[in-house]
Amino acid sequence: MVAQKNCFHCGEPNPENSHYQVTINGQLQKMCCPGCTAVAQTIVDSGLTSYYAHRSDHAEKIVALVPDELKQLDYYDLTKIQEDFVKQNQSISEITLMVEGINCAACAWLIEKQLRFIPGLLFVNVNTTLHRAVIKWDNQQLKLSAILKEIQKVGYKAYPFQVNKQEAFYTQQVKSYLQRLGLAGLATMQIMMFAIALYSDFFSVMEAEFIHYFRWVSLILATPVLLYSAQPFYINAWRNLRNKALGMDIPISIALLGAYSASAYATIIGRGEVYFESVSMFTFLLLLGRLLELRARRKASETTSNLLRLLPSMATLIEDINKPQQQSIIPAKTLQIGQIILVKAGETVPVDGTIIDGTSNIEESMLTGEHLPVSKGENDPVFAGTVNSSSPLTIRVDKLAQNSLIADIIHLQDSAQLNKPRIEILADTVSRYFVATLLIVALLTYIGWSLIAPEQAFWITLSVLVATCPCALSLATPTALTCATAQLNKQGILIKQHHVLETLNKIDHMVFDKTGTLTKGDFSLLNTRVYGEYSKQQCIDLASQLENVSEHPIARAFQKQQKNTIILNNIVNIPGQGLQGDYRQQTLKLGHALFCAIDTPLESKELLIYLTVDKKLLATFELGDQLRESAATIIDYCHTRKIKTTLLTGDISLKSEDIATLLKIDNVIKGVTPEGKLLYLQKLQRKDKVLMVGDGINDAPVLAGADVSVTLASGSDIAKNSADVILLGEDLNKLQALNKIAQKTTAIIKQNLAWAIGYNLIIVPLAIMGHVPPYIAVIGMSFSSLIVVSNSLRLLK
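This is a predicted model, so every value here is computed, not measured.

A. Representation of the overall build of the chain. Per the secondary structure count, the chain includes 28 helices and 29 strands. Relative to its 797 residues, the chain shows a buried fraction of 53%. Counted over contacts in the chain with a minimum sequence separation of 6, partners at least 24 positions apart contribute 67%. With the model as given, the accessible surface of the chain reaches about 36,100 Å², and the carbon-plus-sulfur share is 57%.

Here it is as structure tokens:
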């Protein structure tokens, strides 16, 4: 190595006896200090050594030690920037990234493998269909920029998922493919004309030097195809080799470079066969297959983009509620909680909020899948993305844009698609080892044919390399799950867990909660009986004050009739039993008979609630609730499918038996605590696969324990957190749609896997035996993946 007087990075003199050095582009370069050494090593590790080749001057000391590409990543650590795309939960941060350059399961595995060793990284999952990654990390230990740099170090470019960037990236990809495809297509047509003439012996009377001239012309035309059109395959192959992984582009690159090199050698020495038309045609067909696959994947994953497009970019802010005429137009994303906005008739609601003035019909079909408008007025909630169809509304902002219902839907959708079921993990593992097996088989094929027919060995080996297709195997499951999730979202069904579609086919027992699930949960106070010195209104006020801490639907029935506020202390909500608190140094209880220690419960066909103070009965409240219109239909569906049904409720009134008899439910278990519900569920699970449908706080343990759990969007927050599926709207018939789509998804996954495995089992032996010409091999490989993706797209219909 030539002695360096100046630092290679910053250009300042190296101190005497400096031992700092970094290997850059294969050469050992001396540095002046640990800072330059660290920055230069980061540049090398991040794959940005081209910075040194293209810089016009040395980096200035301290000021410009880091190239712009790395500086820009550091901006993502700013809290203000992260607000738009990072979900924070105390010290845990979560982000969805768009990743450029993913082509197959090997790419996803490579990124996951690289990131899992970073201290502070808690979760990473890469989806090959969506080209997205979901990452969770401890923000006390790790910065987002460090994660992005690690991904870049592997050879991929990642940035926060945003619809406009995704659109720009997709457009750029299509444009790039079309340019490369156009060049390959034009060259293929020209080279094929010469090849057909040569193979058909049209030039037999022509002198040898003219034939040789046409070979040189073919070489010249094939060269830009190999160097430009086929460039994506080499980049991906080099990335895989550099990171000691095997991807499908490695055998493709070997085949293309091998065919070109052999043909170029034959052209130069003037003897032997040339197949420049195969090189050009392979590249053309491979690019065409990738382009069609890209568009098919785009079709499968565009639901998220469509949902985000529902949101308006601007909102009408009312600056002073007392002066509603003072309005200003501002970006919707800048709205803050508590601000007041005006949504005119025909406009889209920009944020989640509460109506404080006005009555109108709201079109919510884009969220719930139910096409009839919903009438809403003062104090009713409205959601971002819904359309105000008839009258102006004044709305108070309740949630920021990133915490809205539509943002939650998108997050749940992405999480469901990015979580891998067992069958997909198995397919990804097989496809990773598939390439290694393929390379060994190709080598053995070449050796074998070299002994049998040496002149055929190379081209038969070429067919073996390009005919097989592990990509179809790795795409079989994720494309089907992506399309199924998109279809369910259209119908107002949100999947939270990846196993749901797989497990639903095995369900043979459905368990239903009563209140708020089979019934509407819209209670009305039918009758109040007073037994002590308190008046009827005082008893209602006491009960309502206790219910203020509860999310149970019963609370709303009392709150509607409360007139006076009463001070209570130490209020405790005991799920499934009732509430208690301190009133004038006495213990006030509201709940069912057992909880309130009533020795002789009264009989009623409605729900009966007791109010006691120090075990002395003050009042009883009779409450009425109505069955959902869809309750009978879903129970009939269960009977038709021979699925057992159970009503599991904490209510001990006779109403439970009446509902079970009316709906013809097989079993009734009533008056059970949340722990009792869980024990009963575990007993059922010894012999059955159980789906649980519930909505309350007391249903949370049993929802978490069921094989598949479903709740309604109107349910409690803890129920929605515990459930695997959330139904938007109030229609239980969506359970039928969920079950049917799960069955169809499973069938399509099996079809995809059967095709992917069957194709390779048939094509490989035929290619080894020499029965598959190279051009047929590349057509088969290109369209194998396309068939899998197209079959999955049927789920969107």
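B. Region of the structure containing helix H16 (residues 454–467). Taking 1.5 Å of rise per residue, the 14 residues of H16 would be expected to cover 20 Å, and the 21 Å separating its terminal C-alpha atoms lies within 8% of that figure. Burial runs high along H16: 10 of the 14 residues are buried. Those residues of H16 that fall on the buried side of the exposure criterion are Ala457, Trp459, Ile460, Thr461, Leu462, Ser463, Val464, Leu465, Val466 and Ala467.

C. Representation of the pattern of salt bridges in the model. Evaluation of the coordinates by the stated rule reveals 11 salt bridges. For the salt bridge of Glu533 with Lys616, the shortest nitrogen-to-oxygen distance reads 3.5 Å. Of the two residues, Glu533 sits in the loop between strand S19 (524–530) and helix H20 (536–547) while Lys616 sits in strand S24 (residues 616–624), which places them 83 residues apart along the sequence. Across the salt bridge formed by Asp688 and Lys644, the nearest N and O atoms sit 3.0 Å from each other. With Asp688 in the loop between helix H24 (674–684) and strand S27 (690–693) and Lys644 in strand S25 (residues 644–648), this pair connects stretches of sequence that are 44 residues apart. Residues joined in a network through salt bridges with shared partners are Asp513, Lys677 and Asp699.

D. Here's a closer look at the packing of helix H10 (residues 249–269) against H16. The N-to-C vectors of H10 and H16 enclose an angle of 155 degrees; their axes lie 8 Å apart at closest approach. As far as their axial angle goes, H16 and H10 are roughly antiparallel. Regarding H10 and H16, the two cross each other, and that crossing is left-handed. The segment H10 lies against H16, with Pro251, Ile254, Ala255, Gly258, Ala259, Ala262 and Ser263 engaging Phe458, Trp459, Leu462, Leu465 and Val466. Of the residues that constitute the contact of H10 with H16, the class distribution is 10 nonpolar, two polar and no charged.

Quick notes on the rules
Residues numbered from 1 in each chain as written. Predicted model: local features only at pLDDT ≥ 70, side-chain atom pairs only at ≥ 80, totals over all residues. Heavy atoms only, no water. Helix = DSSP H or I, 4+ residues; strand = E, 2+ residues; numbered from the N terminus. Buried < 20%, exposed > 50% of the residue type's maximum accessible area, 1.4 Å probe, protein only. Contact = heavy atoms within 4.5 Å. Areas by Shrake-Rupley, 256 points an atom, 1.4 Å probe, with all protein chains shown as cover. Expected span 1.5 Å × (residues − 1). Salt bridge = Lys/Arg side-chain N within 4 Å of Asp/Glu carboxyl O. Axes fitted to C-alpha atoms, helices over the stretch in contact; angles between N-to-C directions. Parallel < 35°, antiparallel > 145°, perpendicular 65-115°, else oblique. Left-handed = near helix turned anticlockwise from the far one by under 90°. Nonpolar A, V, L, I, M, F, W, Y, C, P; charged D, E, K, R; others polar.

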